Amino acid sequence: VPLAEAVGDLVLLDPLTEESLLQTLQERFRRSNIYTYIGNVVISVNPYRSLPIYTPETVQEYRNCNFFAVKPHIYAIADDAYRSLRDRDRDQCILITGESGAGKTEASKLVMSYVAAVCSKGEEVDKVKEQLLQSNPVLEAFGNAKTIRNDNSSRFGKYMDVEFDFKGEPLGGVISNYLLEKSRIVRHVKGERNFHIFYQLLAGGSAQLLQQLKLRQDCRHYGYLNRESSGLPGMDDAANFRAMQDAMKVIGFSPAEVTALLEVTAVVLKLGNVQLSSSYQASGMEASSIAEPQELQEICELIGLDPAVLERALCSRTVKARNEMVLTTLSVPQGYYGRDALAKNIYSRLFDWLVNRINTSIQVSPGKQRKVMGVLDIYGFEIFQDNGFEQFIINYCNEKLQQIFILMTLKEEQEEYVREGIQWTPVEFFDNSIICNLIENCGILAMLDEECLRPGVVNEDTFLTKLNQLFATHKHYESKETQNARRVMDATLPSQCFRIHHYAGKVTYNVTGFIEKNNDLLFRDLSQAMWASRHELLRSLFPEGDPQKVSLKLPPTAGFQFKASVATLMKNLYSKNPNYIRCIKPNETKTGMLFTPELVLAQIRYLGLMENVRVRRAGYAFRQLYDSFLQRYKMLSPRTWPHWTGSHREGTKVLLEDLAFPPEELAFGHTKIFIRSPRTLFDLERRRQERVAELATLIQKTFRGWRCRTQYQLMRKSQIIISAWFRGHMQKNRYKQMKRSALIIQAYARGWKVRRAYRRYFRSGASTRLANFIYQRLVQKFLVGLARNLPPLSVMDRTWPPAPYKFLADANQELRSIFYRWKCKKYREQLTPQRRALLQTKLHASELFKDKKALYSKSLQQPFQGEYLGLTQNPKYQKLHAVAKDKLVMADTVRKVNKANGKMVPRLLLLTTEHLVLADPKAAQPKMVLSLGDISSISVTRFSDGFLALHLKETSTGGAKGDFLLISDHLIELVTRLHKTLMDTTAQAPPLHISDQFSTRLQKGAMTITVVESAKAGTNIPVCKKKGSHKMEILVQ
Ligand SMILES: Nc1ncnc2c1ncn2[C@@H]1O[C@H](COP(=O)(O)OP(=O)(O)OP(=O)(O)O)[C@@H](O)[C@H]1O
Ligand SMILES: [Mg+2]
């Protein structure tokens, strides 16, 4: 795509044709560049899709930008306007125009949010900003509605003055609203909706709120909502309702005010459901009455009014006839007319109240000096199938705005040339003041007022006739009659209509309803009824209802009021520096990124964009302040690059001289340079790009060279340091090596020298002999000393003197062990056989119990006596002695544990080499003789108690009664002897179990014995406790 096809500024378009202009817009739109300039006018094509170009980063990018140096954006114009206001003290207005759905409201919000974002911050300022921004959701809820063209169409005109102090900080603002389309309250066509607020309230109001307002949640219940539920895709009414409530809070509405506002809104909605039915009076006159009192009753409860009063006001009318008040009944259609008029009036007055209420919150206290930025977002030009009074008014307003656009762009251009002292020739352009005049000054509006105020029969026919007479030859006026006069046949123009050739197209208006809407009358009975209500807000909306203030003067007509407010607006706008945003609607279907060339072309035509470009180019296509121009292009001449020291104007001259452009291409103003054709500017721009590329290469080259050089130098320096260290290190090592070698050589040499010197004085071999002699003396002395000083001969004594010299250590150790073995041998030789046997038994005990039973360490000190009873001495034991004879091994008293109950009885125990005998101590008679071979195993505990269980072989004779449980004071000795005797006689000892749990055999069955550590037991006498028939616990310590 050639550059020209996507230029950001259409002034630079070359060649300039409708086609190329359209193509440029289309190409830019395709690349998502929805903004394009014509000089400082922004053209915005609605993308119908959210684009990522409104981020805080974008805001920063455009902040204090150079308007022409960055991509076209709405932020650029907002920034330009804001800076001009802040820095040059010029009041600004931002005029946003375009047809319905072209994006005007969105644009106005973008401008506002940009200004809010760039002006300074602070608590007070932030509050003001927030209030200004939050007025949008509130006004949109009440003043916007879905139409066929736009889901969020503004149904009122809005002009908002934002006021700033000298520092550019926002102080507050004033909002003016223009002509709300109130007919929508009572009627809207299929596919459209009533004002958003109704749907929002029903969808978002809590059950409690709806109950309080006596509303039902279902939209289909309400006549004014066409009894259809119309949610909109992509629009969350409930969420918007919450946003609107939050916004009201921010603006400063009190909860009571919000409630009152919603109550009045509910009343409007409910009025639509008041049904009338016809009845006939006694006189035969047709009359109407309320068909179903419920709704009326509820309305009256809401507003605090006697239902009878409202019913009378709705169904009858007081007429003054010859100074007499007469009450006449109304027919059903008249009644409905009155009802709808009331609903429309309440709502539009409520809307005015809302705007005023917002104004009181955001108004600036008087006396402060201020600068103003006005943002105008007015309903766009509308052409419908059937156009009525509203469209006429709206289009009139747009016509005025177009006029202001034409006049001011030209005026500004002209003034600029004069200011800069440059010659210029005026350009042809279409001036629409002829259409404005057709409507306002003695035009259609005036005729309409005249008709409305005229006494006698008034209807639209007479009005149309009058127009036809008056404008029979007007170029921009047409009707059936004027066509007939000109013998033109046109089926598209019905007889009840007139047609105006607006700047934006021909619009056919149907005169039906013009007079009624212009009069905008409300029966006095209704306003008086409203005034009589106890609802403060509603009452205040109808001041004329006060019977004290009855005035017979008719109120000004709607047309008159509108004309007046448009005139004020125009005056206001003329006094400010205008900035234009011209919105274009790219398709009829609200489709994202769809561009319909025919539709856009039509808008290009009626917006006069071509003329706009031509006017802009007639003189010079491009102009720029000398300093920014020089700054941008100074690299193109060696004389101005890199620095120019003279004035900017001189610098520019020198620069352009060097570039050798034809002189007619350039004009030098007082502060700006003017360039006639875009071609020259492109040329400049192309050269600049080339030059910038060259300069960039130069910078790159220099930088790369510098970087490589420093890198190289750094590496070289490092290399030198490394090699210096390395060499040093090597030399140091070599030196150390040499020094070590030198020392060794020296030592050898010295030794050799000394040996050679001393050899002269000593015989060889003398030293060895000396050494041997000394060695022998030392050994002799050691051995003699040892013999004189031997340690005691006791076997227990293991002392031995240490070796006096280290070389004797091994010999000394050897001597020590020899001495010890000799001492032991001596000891063993003098032992008696009994003593030897005793010691063997002790040794056996150690093998059995050492480290296994706690009692063992205590038994070490006790000698094993074997005979504790004194069998021989005591004659009482004669019988027993006879049993044992000379086979006795051990005799002692023990306790026998009764397995049935754990009780113990004393017994005498004799152990012979063959038997184990238990005897009654009193009778000293053997009670039980057990062959040792019957013992299968022995169990004892780990602790220091004397408990023992003798397990007997089942087959044995003694074992019939089961195992023995005994307690002995000499347990270690007893078990050891038993074990040893068995070993000696049978060469096979029974196993000894040392454990905490074992099983014993009863006469019948078995019993588990558990050893439990407990403080209740004696030190070596355990306590046996029977637990059930097959369990026994032995408590030990
Ligand atoms: N810059 C934008 N980016 C994305 N979408 C946009 C933009 N401008 C407009 N739109 C879309 O177009 C719709 C219509 O825009 P907007 O309500 O501003 O139109 P309008 O010109 O104010 O129409 P009306 O005259 O009916 O009030 C918006 O709801 C939005 O979906
Ligand atoms: Mg809008």
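Residues numbered from 1 in each chain as written. Chains lettered and ligands numbered in written order. Predicted model: local features only at pLDDT ≥ 70, side-chain atom pairs only at ≥ 80, totals over all residues. Heavy atoms only, no water.

Draft legend 1. Highlighting the nonpolar core. Ranked by internal contacts, the top residues of the largest apolar core, which has 200 residues, are Phe 142, Ile 346, Ile 444, Phe 498 and Ile 581. Ignoring sequence-local partners within four residues, the contact set of Ile 581 consists of Val 42, Ser 44, Ile 74, Ile 77, Ile 94, Leu 95, Ile 96, Thr 97, Ala 107 and Val 111. Listed in part, the 31 residues of the second largest apolar core include Tyr 856, Leu 948, Ile 972 and Leu 982. (Core = buried A, V, L, I, M, F, W, Y, C linked by side-chain atoms within 4.5 Å. Buried < 20%, exposed > 50% of the residue type's maximum accessible area, 1.4 Å probe, protein only. Contact = heavy atoms within 4.5 Å.)

Draft legend 2. The coordination of the magnesium ion (ligand 2), seen in detail. Listed as protein donors to the magnesium ion (ligand 2) are Thr 105 (OG1) and Ser 154 (OG); their distances from the metal cover 1.9 to 2.1 Å. Taken together, the positions of Thr 105 in helix α4 (residues 104-118) and Ser 154 in strand β5 (residues 153-154) put the pair 49 residues apart, joining distant regions of the chain. In terms of burial, Thr 105 and Ser 154 fall into one category: buried. (Donors = N, O, S within 2.8 Å, 3.2 Å for Na, K, Ca; no water. Helix = DSSP H or I, 4+ residues; strand = E, 2+ residues; numbered from the N terminus.)

Draft legend 3. Structural detail: the confidence of the model for the chain. This prediction gives the chain a mean pLDDT of 88; 98% of its residues lie at or above 70. This stretch, residues 1-5, has a pLDDT under 50; its non-local contacts, to residues over four places away or in other chains, come to nine contacts. (pLDDT = per-residue confidence, 0-100.)

Draft legend 4. Main features of the sheet that holds strand β28 (residues 997-1001). The four strands are arranged β28-β29-β31-β30 in an open sheet whose pairing can be described as mixed. Lying at the two open borders of the sheet, with one neighbouring strand each, are β28 and β30 (1023-1026). Pairwise comparison of adjacent strand axes, ignoring direction, gives a mean angle of 25° for this sheet. Here β28 pairs with strand β29 (residues 1006-1013) via five bridges, running antiparallel. Within β29, the position partnered with Arg 1001 by the bridge is Ala 1006. (Pairing = 2+ DSSP bridges. Axes fitted to C-alpha atoms, helices over the stretch in contact; angles between N-to-C directions.)

Draft legend 5. Highlighting helix α1 (residues 18-30). Its 13 residues place the ends of α1 18 Å apart at the C-alpha level, agreeing with the 18 Å of an ideal helix rising 1.5 Å per residue. Taken as a whole, α1 has its buried residues at Ser 20, Leu 21, Leu 22, Thr 24, Leu 25, Glu 27, Arg 28 and Phe 29. Its buried side turned inward, α1 meets β1 (35-38), β2 (41-45), β16 (577-584), α23 (597-606) and α24 (609-618). After α1 finishes, the residue Ser 32 shows a positive phi value of roughly 65°. (Expected span 1.5 Å × (residues − 1).)

Draft legend 6. Broad picture of the environment of Asn 812. Here Asn 812 shows up in helix α29 (residues 809-829). Measuring from C-alpha to C-alpha, the distance between Asn 812 and Pro 802 comes to 7.5 Å, with 10 residues separating the pair along the chain. In contact with Asn 812, not counting residues within four places along its chain, are Phe 782, Trp 800, Pro 801, Pro 802 and Ala 803. Of note is the side chain of Asn 812, whose polar atom sits 2.9 Å from the side chain of Trp 800. For Asn 812, the side chain forms a polar contact with the main-chain oxygen of Pro 801, separated by 3.2 Å. (Polar contact = N/O pair within 3.5 Å; in protein donor to acceptor, adjacent residues only side chain to side chain.)

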